Amino acid sequence: MELYQHHWKDGTPVHLPLGKVVCIGRNYAEHAKELNNPVPSEPLLFIKPASSAVHLTRPLDFQGRKGQVHFETELAVLIGKPLTNVSASEAQAAILGYGLALDLTLRDLQSQLKDKGHPWERAKAFDGACPLSPFVAAEHFPNDHITFSLDINEQRQQSGDTRDMLFPIVPLLVHISRHFTLLPGDVVLTGTPKGVGPLLSEQTLKLQLEDKLSVFTKVV
Ligand code: ZN
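First, a word on scope: everything that follows refers to the structure included in this document.

Each value, and the rule that gives it
Residues numbered from 1 in each chain as written. Predicted model: local features only at pLDDT ≥ 70, side-chain atom pairs only at ≥ 80, totals over all residues. Heavy atoms only, no water. Helix = DSSP H or I, 4+ residues; strand = E, 2+ residues; numbered from the N terminus. Rg over C-alpha atoms; globule rule 2.2 N^0.38 Å. Contact = heavy atoms within 4.5 Å. Lys, Arg positive; Asp, Glu negative; His and termini not counted. Charge placed at Lys NZ, Arg CZ, Asp CG, Glu CD. Pairing = 2+ DSSP bridges. Donors = N, O, S within 2.8 Å, 3.2 Å for Na, K, Ca; no water. Buried < 20%, exposed > 50% of the residue type's maximum accessible area, 1.4 Å probe, protein only. Arc of directions from axis to C-beta. Core = buried A, V, L, I, M, F, W, Y, C linked by side-chain atoms within 4.5 Å.

1. Section: the overall build of the chain
Argument step 1. Regarding its fold elements, the chain presents 5 helices and 15 strands.
Argument step 2. The C-alpha atoms of the chain give a radius of gyration of 16 Å, which matches the 17 Å a tight globule of 220 residues would have.
Argument step 3. Of all intrachain contacts in the chain linking residues separated by at least 6 positions in sequence, the fraction that spans at least 24 positions is 77%.
Argument step 4. Averaging the positions of the 21 positive and the 24 negative side-chain charges in the chain gives two centres separated by 3 Å.

Laid out in structure tokens, this is it:
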């Protein structure tokens, strides 16, 4: 398989390796509700391996996967400094850039695994399970109020607003850093707003990060 490499919006490579993608489940109350999940009192964390990352700009191909692949559109935070047990200001200073990601999920399989109380890696860590957009440097985001959206076949499907997060980005990074180290090149996915659903063959997707980044892709 081709090794994924981070890129900036202008096409130049980010010279940092992707080590891992740390994800938070249920960071938007409305999404927790739509899947009949309780709203958590502390962040629910899981990790996608580097081998799950692909370029979002390439066509999404799930031929041969078992069951429906659901999209979750998420704001992706690119980490630029090592973070172990950090303060809020250190976490803030370590944000190198922002992009968008699809946290792809084999929803039927995930439900089966959850019912058994098993880890859900097989549903979320498969090759191609983490399409990532190019990144925009953090300096272009003057504050932590950031919005993003997903359109499928030109219909608005998801709208995200960091103000709706149960665990905002900086406190989330601080929390993660208390449990394990984030390294330069790691990515943190910050949860999906409501509106998740299945990806279907021939769909066209447009992901938008404010007026700073538009990414188009399609499902094979
Ligand atoms: Zn997610």
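Next, the rest of the story.
2. A closer look at the sheet that holds strand 13 (residues 197-198)
Argument step 1. The strand order across the open sheet formed by 3 strands is 7-4-13, and the pairing between neighbours is antiparallel. Lying at the two open borders of the sheet, with one neighbouring strand each, are strand 7 (105-106) and strand 13.
Argument step 2. Relative to strand 13, strand 4 (residues 69-71) runs antiparallel, the two sharing 2 bridges. Its bridge partner being in strand 13, Phe-71 is matched across the sheet by Gly-197.

3. Let's talk about the coordination of the zinc ion
Argument step 1. Looking at the zinc ion, the protein donor atoms are Glu-72 (OE), Glu-74 (OE) and Asp-103 (OD), and they sit 2.0 to 2.1 Å from it.
Argument step 2. Taken in sequence order, the residues that donate to the zinc ion follow the motif E-x1-E-x28-D.
Argument step 3. With relative accessibility at 5%, the residue Glu-72 sits in the buried group.
Argument step 4. A relative accessible area of 0% means that Glu-74 is categorised as buried.

4. Focus on helix 3 (residues 107-115)
An α-helical turn contains 3.6 residues, so any two residues separated by three or four positions project in the same direction.
Argument step 1. All of the buried residues in helix 3 are Arg-107, Gln-110 and Leu-113. Down the axis of helix 3, the smallest arc covering the buried residues is 120°, so these residues share one side.
Argument step 2. Where helix 3 is buried, its residues touch strand 4, strand 7 and helix 4 (121-124).

5. Section: the environment of Asn-36
Argument step 1. Take Asn-36: it is sitting in the loop between helix 1 (29-34) and strand 2 (44-49).
Argument step 2. Among the residues examined, Asn-36 registers a relative accessible area of 73% and is labelled exposed.
Argument step 3. Placed 112 residues apart in sequence, Asn-36 and Phe-148 show a C-alpha to C-alpha distance of 24 Å.

6. Some words on the nonpolar core
Argument step 1. If you look at the biggest cluster of nonpolar residues, it comprises 65 residues, and the most contacted ones within it are Tyr-98 and Leu-132.
Argument step 2. Of the residues forming this core, the biggest block, 6 residues, is contributed by helix 5 (residues 169-179).
Argument step 3. In this structure, Leu-132 is in contact with Tyr-4, His-6, Leu-18, Ala-53, Val-54, His-55, Leu-56, Ala-76, Leu-100, Ala-101, Val-187 and Leu-189, ignoring residues within four places of it in sequence.

7. Focus: unusual backbone geometry
Argument step 1. Here Asn-85, not a glycine, exhibits a phi torsion of approximately 50°, which is positive.
Argument step 2. Along the polypeptide, Asn-85 turns up in the loop between strand 5 (73-79) and helix 2 (88-93).
Argument step 3. Owing to a relative accessible area of 58%, Asn-85 belongs among the exposed residues under this scheme.
Argument step 4. Of note in this structure, Glu-202 is not a glycine but carries a positive phi near 80°.
Argument step 5. Among the secondary structure elements, Glu-202 is positioned in the loop between strand 13 and strand 14 (204-209).
Argument step 6. By relative accessible area, Glu-202 is classed as exposed at 65%.

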